[in-house]
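# Overview (structure and organization)
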Amino acid sequence: SLLDGFNASIIAYGQTGAGKTYTMEGDPHSLRHAGLIPRAIADVFAHIEAADSPSHRRFLVRAAYLQIYNDSISDLLKPERAGLAIREDKRRGVHVEGLSEWVARSPSEVRALLLRGAELRATAATSVNEVSSRS
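Attention in this report is confined to the structure presented alongside it.

The rules behind the values
Residues numbered from 1 in each chain as written. Predicted model: local features only at pLDDT ≥ 70, side-chain atom pairs only at ≥ 80, totals over all residues. Heavy atoms only, no water. 1 Å grid on protein atoms, 1.4 Å probe; cavity = no way out; pocket = protein on both sides within 12 Å on 5 of 7 lines; lining within 4 Å. Points joined across faces, edges and corners; volume = space filled by probe spheres on them. Helix = DSSP H or I, 4+ residues; strand = E, 2+ residues; numbered from the N terminus. Nonpolar A, V, L, I, M, F, W, Y, C, P; charged D, E, K, R; others polar. Salt bridge = Lys/Arg side-chain N within 4 Å of Asp/Glu carboxyl O. Buried < 20%, exposed > 50% of the residue type's maximum accessible area, 1.4 Å probe, protein only. Pairing = 2+ DSSP bridges. Axes fitted to C-alpha atoms, helices over the stretch in contact; angles between N-to-C directions.

### Some points on the layout of surface pockets
Taken as a whole, the second largest pocket spans an internal volume of roughly 440 Å³. Every residue lining the second largest pocket is counted, 20 residues in all, and those nearest its centre are Glu-25, Pro-28, Pro-38, Arg-111 and Leu-114. When residues of the lining of the second largest pocket are traced back to their parent elements, those giving at least two are helix H2 (36-50) and helix H3 (107-118). Here the lining of the second largest pocket gets six residues from one element, more than from any other, and that element is H3. A breakdown of the residues in the lining of the second largest pocket according to their chemical character gives 13 nonpolar, three polar and four charged.

### Points about the pattern of salt bridges
With the rule as written, the count across this model stands at four salt bridges. A salt bridge links Arg-87 to Glu-97; the shortest N-O distance between them is 3.1 Å. Here Arg-87, found in strand S4 (residues 82-89), pairs with Glu-97, found in strand S5 (residues 93-97); they are ten residues apart in sequence, far enough to count as distant. Residue classification places Arg-87 among the partly exposed residues on the basis of a relative accessible area of 41%. Look at Glu-97 and you get partly exposed, because its relative accessible area is 42%. Glu-101 serves as the salt-bridge partner of Arg-92, at 3.9 Å between the closest nitrogen and oxygen.

### Describing the sheet that holds S4
What the four strands build is an open sheet, ordered S2-S3-S4-S5; its pairing is antiparallel. One side of each edge strand has no neighbouring strand; the edge strands of this open sheet are strand S2 (66-69) and S5. Taking the axes of each pair of neighbouring strands and ignoring which way they run, one obtains an average angle of 40° across the sheet. The pairing of S2 with strand S3 (residues 72-75) spans four bridges and is antiparallel. Counted as the bridge partner of Tyr-69 is Ser-72 from S3.

Below is the structure:
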């Protein structure tokens, strides 16, 4: 459905130390150990490049990166935007009001956004993991 123009989200849920962050992100410096997100991004751009004819279809890839921590939604690409709300309307459907969206033209542009956002994620030490993601 994503490749037919529908919005998509990838969500991981589980106990601390189960490997959610690594499963989603993998090793940011290794293509061999890429997580679900970098692999999905590569697939999206491969699909775009393989499209039959540029005159028949146009593609727009936008990326956003948010964190839900202590019941508060924050924009990890515009850190001044916190306390965001989930809304629904006829035109946009379900969305996070005020969440920044960035146009991406390549997997490397998305990767740069992910690395920038990851620096702002809430983390804390636990008995299982020294830098456990709190979001």
